[in-house]
Amino acid sequence: MDFRVLGPLEVWTERGRLALPSARHQRVLAALLLAPNSVVPITKLIEATWDDEPPATATKQIQNCISALRERLGCTGLIRTDGPGYRIVVREDQLDALRFTRLVAEARRTVAEGDLAEGVRAIRSALSLWRGPALDGIDSVMVAGRAARWDEQRLDAIELCADWRLALGEYREVADELAEVVAEHPLRERPHAQLMVALDRAGRQADALAVFHRLRTNLAEELGIDPGAEVRALHERILRGEPRVEYPGDHKTTASGHQDDLAPAARELAAAIARQWRAEAEMRCLNRPEPVPLTWSSTERQVAAVASAVLGERRAGGRDRLVLNGDLADVVAKFRQVPSRQLVVLGDPGAGKTVLAILLTLGLLADPPPDEPVPVLLSLASWNPRQEHLHGWLARRLVEEYPGLANTAAYGKDAALRLVLEGRVIPVLDGLDETPPALHAAAIEALDQAVAGGRPIVVTCRSAEYELAVNQAGSFLARAAVVEIEPVELENAIGFLTARQRLGDDRWRPVVQRLRAEPDGVLAQALRTPLMVDLARTAYAHPATEPGELCDTARFPDRAAVEGHLLDAYLPAVYTRNPPPPAPTDRRRAVRDYDLDHAERWLGFLARHLERGRTRDLAWWQLDSAVPRVVVGLYLGLPPALLFLSTGWLVAGLWIGVIYGGAFAAAGCVTHSAGRRPGPVRVQGRFRGTGASFARRFAVGMVIGISFGVGWSLSAWVVGLLMVVFGLAVGVHVWLGTPLDANRVSSPATVLGNDRTATLSFTVSFMVAVGLFYGLAIAQAPAIGTFVPGFDYKLALGGGVASALLGRYILRSPGTWAYGLAGAVVSGQTVPGGTPTAALATGTIFGLGVGLTVCVARAWGTFAFTRLWLAAHGHIPLDFMTFLDDAHRRGVLRQVGAVYQFRHARLQERLAARGCGQRVHCPDVL
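Quick caveat, the model's predicted, so the values are computed rather than measured. (Residues numbered from 1 in each chain as written. Predicted model: local features only at pLDDT ≥ 70, side-chain atom pairs only at ≥ 80, totals over all residues. Heavy atoms only, no water.)

A word on unusual backbone geometry. With phi around 50°, Leu135 is a residue other than glycine that occupies positive phi space. Here Leu135 is to be found in the loop between helix H5 (116-127) and helix H6 (141-167). Residue Arg614 is not a glycine yet carries a positive backbone phi of 50°. Note that Arg614 resides in the loop between helix H27 (596-612) and helix H28 (629-652). (Helix = DSSP H or I, 4+ residues; strand = E, 2+ residues; numbered from the N terminus.)

Dropping the structure here:
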C-alpha cells in the first residue's frame with residue numbers, strides 16, 4: 001500500500017491506483033495522513049470534513065467513513081481506533097511525505113560531511129516525489145492549512161538544492177529550474193536572488209538585472225515594499241560589473257540549507273544561556289555536591305503516543321508502549337536518541353522537573369554535535385495560546401531575555417523570529433501547569449501544531465494537570481516521548497540528607513532508622529520528592545537542630561503535616577545571621593543581612609500579591625498592581641499637579657494656580673488609574689544607523705513646537721527655537737538602542753538600570769523643552785484678563801493639541817484625551833507677562849512638572865513611587881531590589897531572566913496562605 005500526498009491524494013496497491021468512494025472519504029483520509037501514526041481526534045476529522053458547519057450526525061458519519069475506508073483499503077489494522085479518535089499506521093516507505101523528509105535529512109547530513117555532490121543527488125531524489133501542491137484538490141480549510149507547511153518545506157528544499165548547485169558551479173542548470181520557481185512565487189525573494197546569481201555567473205547580466213526589476217515591481221504593486229537589503233546589495237554588485245558577484249549563500253550556507261547569517265547570534269545566544277544557567281545552578285546549590293538523585297521512566301498514563309509514532313516502526317519493534325528510562329546523568333543522551341527530539345517531562349509538585357530542565361539545557365550546551373539547535377529554557381507561565389502563536393511568543397521572549405537579538409545591525413531584522421522559524425533553537429518550556437487551567441488543553445494542541453513538522457521541544461508539567469487536559473480534549477504531542485519523574489528512592493534520600501554530615505554527627509540517625517523501618521510510613525511518604533528532601537536538609541543544617549523531631553507521629557500525624565512543617569522551617573533556616581559574601585565590585589547595592597520577622601512579612605506580602613495575580617513571575621515593573629488602581633492614580637497624578645499649581649500661582653495668583661493644578665491632577669489621576677503603562681525598555685547608547693528614525697522623531701517634535709509657539713502667538717524666532725528644541729527632545733531617544741550583542745542576558749537589575757537610564761533621558765529632555773517654552777511664553781505673554789473673561793480659544797487649541805501629543809507619548813489612551821483636555825484648559829488661560837526672572841522661575845517649575853509627569857508614566861518612575869508607598873506601609877523594604885537579590889542569593893527566590901520567582905510554587909502558596917507576619921513553629925536556630 002502506497003500513499004501519495006505530495007500532489008493530489010492517491011492510494012496505490014499492487015493492482016494499481018485505488019479510487020476512493022467520495023470527496024468526504026478523501027478529506028478524512030487526508031486528515032489522517034497529515035498526522036501519520038498519530039491519533040487524530042474525531043473533532044479534527046469533523047473539522048476537516050465540514051469546516052465550520054458540521055451536521056448533527058457528524059460523529060456517526062465520520063465513523064461510517066472510517067468503516068468504508070477500512071473496507072476499501074482492505075488492510076487489517078491500517079486505521080485503528082485509539083482513544084478519542086483514529087490513527088493510520090504507515091511505514092516510512094508507504095508515505096511519500098515521510099520519504100521526502102528522510103531524504104532531505106540525509107542530504108543535509110551528507111553535505112555536513114563534505115560531500116556536496118551526493119547531497120545534491122539526495123535532495124533531487126526527494127524533490128522528484130512531488131507531483132504538485134500537497135493534497136491538491138482537497139477542498140478543506142484545515143487540510144489546506146496543514147498541507148501548506150509541506151509546500152513550504154518543498155520550497156525550502158528547492159532553495160537549498162539551488163545553493164548547493166551554485167556552489168558546484170551548475171549555473172545554467174540552476175537558472176533553468178529557478179525560472180519556473182520565481183514565476184510561481186513572484187514575491188519570494190530568496191529564489192530571485194539565487195536566479196540573479198546564476199544568470200550573472202552564466203554571463204547573462206542583463207537577464208539578472210531584469211529579474212531584480214520584476215521582483216521590485218511585484219513587491220511594490222502587491223505589498224508596497226522594496227526588496228530586502230541583501231537583494232538590493234546583490235543588484236548593485238551586478239550593476240558595478242564585479243568579476244564574480246558574491247552571493248551570501250556562497251560561504252555561509254550550512255548543512256541545514258539556510259544562510260548562516262544567524263550563526264553569530266546562535267553562537268552568542270548559546271554562550272549567554274550557558275553562563276546564565278550555570279550561575280543559577282550554582283545559586284541553587286545543584287553542584288553542592290550534587291542534586292537529589294532523580295530517576296525517570298516512560299509514563300504509564302494514557303497521555304502519550306504509541307512507540308511507533310515516537311521511534312518509528314523499526315525501532316519500536318512492534319511495541320505499542322514506549323520504554324524509556326534513566327536519571328539525571330543520561331537525560332541528554334536519551335533525549336538525543338528520540339528521533340523527533342520531542343520530550344514531555346511529568347512529575348508531582350516538587351518532583352524536580354525544573355532541575356531536570358536546567359541540567360538538560362546545560363548538558364545540551366556542554367557538548368553539542370554540529371548544527372544542533374540552541375536549547376533555550378523559558379517559563380511557560382506568560383503564554384496564552386489563544387492570543388499568541390508559540391513561535392511568536394518564543395521570539396518575543398527571546399528578545400526580552402536576550403535583548404541583543406533585536407540589534408538589526410549585528411544580526412539582521414527579526415533575528416529572534418528567524419532563529420525560531422528556522423529551527424535554530426530547542427524550546428525547553430518549563431511549567432505548562434503554571435498557565436491558567438482553562439488554557440491547558442489549548443496549549444497542548446498549540447504545542448503539537450507548532451512542532452508537527454518535527455521540530456524539537458521539551459515541555460515540563462505536573463502529571464495530574466497534563467493527564468486531565470489530555471483526557472478532556474484528546475490533544476497531545478503526537479511524536480513526543482512522555483516520561484515521568486519517579487519518587488525519590490529511600491536510600492537516595494538518606495544519602496542526600498547525610499551527605500554533608502560531619503564525622504561524629506549522628507543527628508540524622510533517628511530519621512534514617514525510621515525511614516528504613518517504615519519505608520511506607522508518613523515520613524517516608526513526605527520525603528519522596530526532591531523538594532522536601534532538600535528542604536529537610538536545609539531546615540536541619542545547623543548543628544543545634546534536631547532532625548529526630550520529624551519522627552514524632554503525634555506532632556506529624558500525616559504527610560501534609562511533615563511537608564507543611566518543612567515549608568515553614570525554610571525561611572528561619574536560610575535567614576540565620578551569617579556574614580554575607582562580598583559583593584562584586586560592579587554591584588552598586590551592598591549585600592546586607594535581614595531580620596527574619598521582616599523577611600517573612602515582606603515575602604508573605606509578595607506571595608499573596610502573586611497569588612492574587614495568578615502568576616509566578618515577580619516583576620518589579622508590575623509591583624503597582626499590588627496597590628488599588630485609584631490609589632496608584634493619586635500618588636502618581638498628584639505630585640506633578642502640585643508643581644503645576646505652584647506655577648499658576650506664581651504666574652497669576654491662587655485662582656489660576658488652582659486651575660493649573662486641578663486640570664493636571666484630574667488628567668494624571670484618570671490616566672494612571674485607567675491606563676496601562678509601557679513595560680521597561682532594554683537600551684544602551686547607540687548612534688550608528690539611527691539617522692532615519694531620528695529624522696522622523698525630530699519631525700514629530702517640530703509639530704509639537706509649532707503647536708505651542710503658534711498657539712501662543714510667539715514671535716517667529718521663538719517658534720523656530722521651540723521647533724529645534726522639541727525636535728531634539730523627541731529625537732534623541734532613538735540614540736537609546738538595543739544592546740550590541742546577544743551575549744547579554746536580561747536580569748532584574750540590568751533591566752531596571754536600562755529603564756532608569758531611558759526614563760531619566762525622557763524626563764530631562766521634556767523638562768528642558770517644555771520649561772523653555774513656558775518661560776519664553778510668559779516673557780512674551782500679553783497682560784490681558786484671567787479665566788473665563790480672558791479665555792483664549794486659539795491658545796487652548798494649540799496647547800490642547802500639543803498636550804494631547806504628549807499624553808499619547810506618555811500613556812496613549814486615555815492619556816491623549818486626559819492631557820489634551822488639561823492642556824487646553826491651562827493653555828487657554830491668558831496670564832500677565834512677567835519679568836525675565838519670573839519667566840525663568842515659572843519656566844523651571846513648569847518644566848519640572850512636565851518632567852515628573854513623564855517620569856511617573858515610565859516603568860521605573862512608577863516603580864520608584866510604588867516602592868515608597870509600599871515601604872511606608874511596611875509591605876516591602878525601601879531597598880526592595882537589594883532585598884530581592886539577597887533572597888535570590890539565599891535560595892528563596894530563583895531568577896528567570898528579568899523576573900524573580902519563588903524557588904517553588906508550593907513555597908509561594910504556603911507563604912500566601914499565612915497571615916502577614918505570622919510565625920509558626922520551626923527548628924530552633926542560633
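Glancing now at the sheet that holds strand E10 (residues 374-379). Taken in spatial order, the 7 strands line up as E8-E7-E13-E9-E12-E11-E10 in an open sheet, and their pairing is mixed. Where the open sheet ends on each side, the last strands, each with one partner, are strand E8 (325-327) and E10. In this sheet, adjacent strand axes meet at a mean angle of 20° when their direction is disregarded. Where strand E11 (residues 425-430) and strand E12 (residues 457-462) come together, 2 bridges link them in parallel fashion. Residue pairing in the sheet places Leu429 in a bridge with Val459 of E12. Together, E10 and E11 form the strand contacts of helix H12 (residues 263-283), whose direction differs from that of E10 by roughly 50°. Along the sheet, helix H21 (residues 463-473) contacts strand E9 (342-347), E12 and strand E13 (481-485); its crossing angle with E12, the most-contacted strand, is approximately 105°. (Pairing = 2+ DSSP bridges. Axes fitted to C-alpha atoms, helices over the stretch in contact; angles between N-to-C directions. Contact = heavy atoms within 4.5 Å.)

On inspection of all chains with the given rule, the structure shows 13 aromatic pairs. Each ring, one from Phe100 and one from Trp130, has its centre 5.6 Å from the other, and the planes form 85°; the classification is edge-to-face. Taken as a pair, Phe100 in helix H4 (residues 96-112) and Trp130 in the loop between H5 and H6 lie far apart in primary sequence, 30 residues in all. Phe100 sits in the buried class, given a relative accessible area of 3%. We classify Trp130 as buried; its relative accessible area is 10%. Look at Phe664 and Tyr819: their rings are 6.5 Å apart centre to centre, the planes differ by 40°, and that puts the pair in the tilted class. Of the two residues, Phe664 is situated in helix H29 (residues 654-674) and Tyr819 in helix H33 (residues 793-827); the sequence distance between them amounts to 155 residues. Considered together, Phe664 and Tyr819 belong to a single accessibility category, that of buried residues. These aromatic residues form a ring-pair network of at least three members: Trp620, Trp621, Phe863 and Phe880. (Phe/Tyr/Trp six-rings, centres within 6.5 Å; stacked < 30°, edge-to-face > 60°. Buried < 20%, exposed > 50% of the residue type's maximum accessible area, 1.4 Å probe, protein only.)

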